[in-house]
Amino acid sequence: MAAKSGGPRTLTNTIKLLINAGAAKPAPPVGPALGQAGLNIMAFCKEFNAKTAGFKEGTLLRVKMRVFSDKTYEWDLKMPPSTWLIKKAAGLARASGTPGHEIVGIISLKHLYEIARVKQRDMPGVPLQSIVTSLLHTCRSMGVRVVARPEDA
(Lines give C-alpha, C1' and ligand atoms only; values in the text may rest on other atoms or scores of the structure.)
Protein backbone atom coordinates (compact mmCIF):
# COMPACT_ATOMS: atom_id res chain seq x y z
CA MET A 1 0.00 0.00 0.00
CA ALA A 2 1.59 3.20 -1.14
CA ALA A 3 1.03 6.12 1.20
CA LYS A 4 2.32 9.67 1.32
CA SER A 5 1.73 12.13 4.09
CA GLY A 6 0.62 15.71 3.76
CA GLY A 7 -2.65 17.36 2.83
CA PRO A 8 -6.11 15.92 2.65
CA ARG A 9 -6.65 13.20 0.13
CA THR A 10 -9.91 12.33 -1.51
CA LEU A 11 -11.04 9.13 -3.15
CA THR A 12 -10.95 9.57 -6.92
CA ASN A 13 -11.42 6.05 -8.28
CA THR A 14 -12.26 2.48 -7.31
CA ILE A 15 -10.80 -0.34 -9.40
CA LYS A 16 -11.95 -3.96 -9.20
CA LEU A 17 -9.78 -6.66 -10.74
CA LEU A 18 -9.67 -10.46 -11.01
CA ILE A 19 -6.07 -11.68 -10.92
CA ASN A 20 -4.54 -15.14 -10.58
CA ALA A 21 -2.58 -15.58 -7.36
CA GLY A 22 1.10 -14.73 -7.79
CA ALA A 23 0.63 -13.87 -11.46
CA ALA A 24 0.13 -10.10 -11.57
CA LYS A 25 1.90 -8.68 -14.63
CA PRO A 26 1.88 -5.22 -16.22
CA ALA A 27 -0.04 -6.75 -19.13
CA PRO A 28 -3.86 -6.59 -19.36
CA PRO A 29 -5.99 -6.51 -17.26
CA VAL A 30 -3.70 -5.06 -14.56
CA GLY A 31 -1.60 -2.64 -16.63
CA PRO A 32 -4.31 -0.67 -18.42
CA ALA A 33 -6.51 -0.41 -15.32
CA LEU A 34 -3.72 0.95 -13.13
CA GLY A 35 -2.14 3.03 -15.90
CA GLN A 36 -5.35 4.98 -16.48
CA ALA A 37 -5.37 5.86 -12.79
CA GLY A 38 -1.72 6.98 -12.98
CA LEU A 39 -0.42 4.37 -10.53
CA ASN A 40 2.93 2.58 -10.42
CA ILE A 41 2.05 -0.74 -12.06
CA MET A 42 5.25 -2.63 -11.21
CA ALA A 43 5.10 -1.67 -7.53
CA PHE A 44 1.57 -3.07 -7.28
CA CYS A 45 2.49 -6.25 -9.19
CA LYS A 46 5.44 -6.96 -6.88
CA GLU A 47 3.37 -6.25 -3.78
CA PHE A 48 0.45 -8.41 -4.98
CA ASN A 49 2.68 -11.33 -6.00
CA ALA A 50 4.46 -11.25 -2.63
CA LYS A 51 1.18 -11.17 -0.70
CA THR A 52 -0.39 -14.03 -2.73
CA ALA A 53 2.66 -16.32 -2.79
CA GLY A 54 0.97 -18.64 -0.26
CA PHE A 55 -2.07 -19.28 -2.46
CA LYS A 56 -2.29 -22.25 -4.83
CA GLU A 57 -1.13 -21.32 -8.33
CA GLY A 58 -4.02 -20.46 -10.64
CA THR A 59 -6.36 -19.35 -7.85
CA LEU A 60 -8.45 -16.45 -9.12
CA LEU A 61 -8.55 -13.64 -6.54
CA ARG A 62 -10.59 -10.46 -6.40
CA VAL A 63 -8.81 -7.17 -5.73
CA LYS A 64 -10.52 -3.91 -4.80
CA MET A 65 -8.33 -0.82 -5.10
CA ARG A 66 -9.14 2.65 -3.84
CA VAL A 67 -7.20 5.38 -5.65
CA PHE A 68 -6.79 8.77 -4.00
CA SER A 69 -6.20 12.25 -5.43
CA ASP A 70 -2.50 12.25 -4.49
CA LYS A 71 -1.91 9.08 -6.61
CA THR A 72 -1.71 6.81 -3.58
CA TYR A 73 -3.80 3.68 -3.29
CA GLU A 74 -5.04 1.07 -0.87
CA TRP A 75 -6.07 -2.40 -1.91
CA ASP A 76 -7.95 -5.29 -0.35
CA LEU A 77 -7.59 -8.91 -1.30
CA LYS A 78 -10.84 -10.86 -1.44
CA MET A 79 -11.46 -14.59 -1.77
CA PRO A 80 -12.20 -16.15 -5.19
CA PRO A 81 -15.67 -15.71 -6.75
CA SER A 82 -18.31 -18.28 -5.72
CA THR A 83 -18.73 -19.50 -9.28
CA TRP A 84 -15.00 -20.21 -9.59
CA LEU A 85 -14.99 -22.20 -6.32
CA ILE A 86 -18.07 -24.19 -7.33
CA LYS A 87 -16.62 -25.02 -10.75
CA LYS A 88 -13.38 -26.22 -9.14
CA ALA A 89 -15.25 -28.36 -6.59
CA ALA A 90 -17.44 -29.91 -9.29
CA GLY A 91 -14.54 -30.35 -11.72
CA LEU A 92 -16.09 -28.19 -14.44
CA ALA A 93 -14.47 -26.03 -17.08
CA ARG A 94 -17.64 -23.96 -17.55
CA ALA A 95 -21.20 -23.76 -16.29
CA SER A 96 -24.34 -24.80 -18.14
CA GLY A 97 -25.59 -22.71 -21.03
CA THR A 98 -29.15 -23.73 -20.20
CA PRO A 99 -29.46 -24.01 -16.40
CA GLY A 100 -32.58 -25.79 -15.22
CA HIS A 101 -32.59 -27.94 -18.36
CA GLU A 102 -29.09 -29.33 -18.28
CA ILE A 103 -27.11 -30.68 -15.31
CA VAL A 104 -23.38 -30.27 -15.99
CA GLY A 105 -22.04 -31.33 -12.59
CA ILE A 106 -22.78 -32.55 -9.11
CA ILE A 107 -21.49 -31.21 -5.81
CA SER A 108 -22.16 -32.36 -2.25
CA LEU A 109 -23.53 -30.26 0.59
CA LYS A 110 -20.26 -30.88 2.45
CA HIS A 111 -18.36 -29.12 -0.35
CA LEU A 112 -20.81 -26.20 -0.23
CA TYR A 113 -20.17 -25.75 3.50
CA GLU A 114 -16.41 -25.74 2.85
CA ILE A 115 -16.87 -23.08 0.15
CA ALA A 116 -19.11 -21.10 2.52
CA ARG A 117 -16.37 -21.09 5.18
CA VAL A 118 -13.96 -19.64 2.62
CA LYS A 119 -16.50 -17.00 1.52
CA GLN A 120 -17.30 -16.11 5.14
CA ARG A 121 -13.90 -14.35 5.41
CA ASP A 122 -15.22 -11.72 2.98
CA MET A 123 -18.58 -11.40 4.73
CA PRO A 124 -18.10 -11.08 8.48
CA GLY A 125 -21.34 -11.06 10.41
CA VAL A 126 -23.28 -13.07 7.81
CA PRO A 127 -24.42 -16.47 9.17
CA LEU A 128 -22.91 -19.53 7.52
CA GLN A 129 -26.40 -20.88 6.75
CA SER A 130 -27.23 -17.76 4.71
CA ILE A 131 -24.03 -18.11 2.70
CA VAL A 132 -24.79 -21.79 2.00
CA THR A 133 -28.30 -20.85 0.83
CA SER A 134 -26.86 -18.26 -1.51
CA LEU A 135 -24.37 -20.83 -2.84
CA LEU A 136 -27.21 -23.30 -3.40
CA HIS A 137 -28.96 -20.78 -5.63
CA THR A 138 -25.70 -20.06 -7.44
CA CYS A 139 -25.31 -23.79 -8.11
CA ARG A 140 -28.83 -23.93 -9.49
CA SER A 141 -28.14 -21.01 -11.84
CA MET A 142 -24.97 -22.75 -13.06
CA GLY A 143 -26.63 -26.11 -13.76
CA VAL A 144 -24.87 -27.87 -10.87
CA ARG A 145 -26.92 -30.33 -8.80
CA VAL A 146 -26.36 -30.40 -5.04
CA VAL A 147 -26.63 -33.77 -3.26
CA ALA A 148 -26.77 -34.42 0.48
CA ARG A 149 -23.87 -36.87 0.72
CA PRO A 150 -20.67 -37.18 -1.33
CA GLU A 151 -21.51 -40.86 -2.01
CA ASP A 152 -24.66 -39.77 -3.90
CA ALA A 153 -22.61 -37.78 -6.41
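Residues numbered from 1 in each chain as written. Predicted model: local features only at pLDDT ≥ 70, side-chain atom pairs only at ≥ 80, totals over all residues. Heavy atoms only, no water.

An unreviewed UniProt entry lists the chain under the name Mitochondrial ribosomal protein L11, with Volvox africanus as the source organism. Quoted verbatim from the Sequence similarities (unreviewed entry) field of UniProt, the annotation for the chain is "Belongs to the universal ribosomal protein uL11 family." (UniProt positions renumbered as here; feature names shortened; annotations may be inferred.)

1. Observations concerning the overall build of the chain
Of the regular secondary structure elements, the chain holds five helices and five strands. Traced from its N-terminal end to its C-terminal end, the chain shows the element sequence β-α-α-β-β-α-β-α-α-β. In terms of overall size, the chain is more extended than a compact globule, its C-alpha atoms giving a radius of gyration of 19 Å where 153 residues would be expected to give roughly 15 Å. Over its C-alpha atoms, taken along the principal directions, the chain stretches across nearly 60 × 35 × 30 Å. Taken across its 153 residues, the chain has 33% of its residues classed as buried. Expressed as a percentage of contacts within the chain between residues at least 6 apart in sequence, the contacts between residues at least 24 apart total 63%. As displayed, the chain has an accessible area near 9,000 Å², and 54% of this comes from carbon and sulfur atoms. Once the 22 positive and 10 negative side-chain charges of the chain are each reduced to a mean point, those two points are 3 Å apart. (Helix = DSSP H or I, 4+ residues; strand = E, 2+ residues; numbered from the N terminus. Rg over C-alpha atoms; globule rule 2.2 N^0.38 Å. Buried < 20%, exposed > 50% of the residue type's maximum accessible area, 1.4 Å probe, protein only. Contact = heavy atoms within 4.5 Å. Areas by Shrake-Rupley, 256 points an atom, 1.4 Å probe, with all protein chains shown as cover. Lys, Arg positive; Asp, Glu negative; His and termini not counted. Charge placed at Lys NZ, Arg CZ, Asp CG, Glu CD.)

2. Let's talk about the environment of Gly35
Secondary-structure assignment places Gly35 in helix H1 (residues 30-36). For the pair Gly35 and Ala148, spaced 113 residues apart in sequence, the C-alpha separation works out to 48 Å.

3. Some points on the sheet that holds strand S1 (residues 11-20)
Overall, antiparallel pairing links the three strands, which are arranged S1-S2-S3 in an open sheet. Each having just a single partner strand, S1 and strand S3 (73-78) make up the two edges of the open sheet. Mean inter-strand twist for the sheet, computed between neighbouring axes without regard to direction, equals 20°. The pairing of strand S2 (residues 60-68) with S3 spans six bridges and is classified as antiparallel. (Pairing = 2+ DSSP bridges. Axes fitted to C-alpha atoms, helices over the stretch in contact; angles between N-to-C directions.)

4. Side note on the nonpolar core
In this structure, Ile19, Phe44, Phe48, Val63 and Met65 are the most contacted members of the largest nonpolar core, which totals 18 residues. Residue assignment for this core shows that the elements contributing at least two residues are S1, H1, helix H2 (41-51), S2 and S3. A total of four residues in this core trace back to one element, the largest contributor, which is S2. Apart from the residues lying within four places of it in its own chain, the contact partners of Val63 are Ile15, Lys16, Leu17, Ile19, Phe44, Phe48, Trp75, Asp76 and Leu77. Core analysis: the next-biggest nonpolar cluster, separate from the first, contains 16 residues, Leu60, Ala90, Ile131 and Val132 among them. (Core = buried A, V, L, I, M, F, W, Y, C linked by side-chain atoms within 4.5 Å.)

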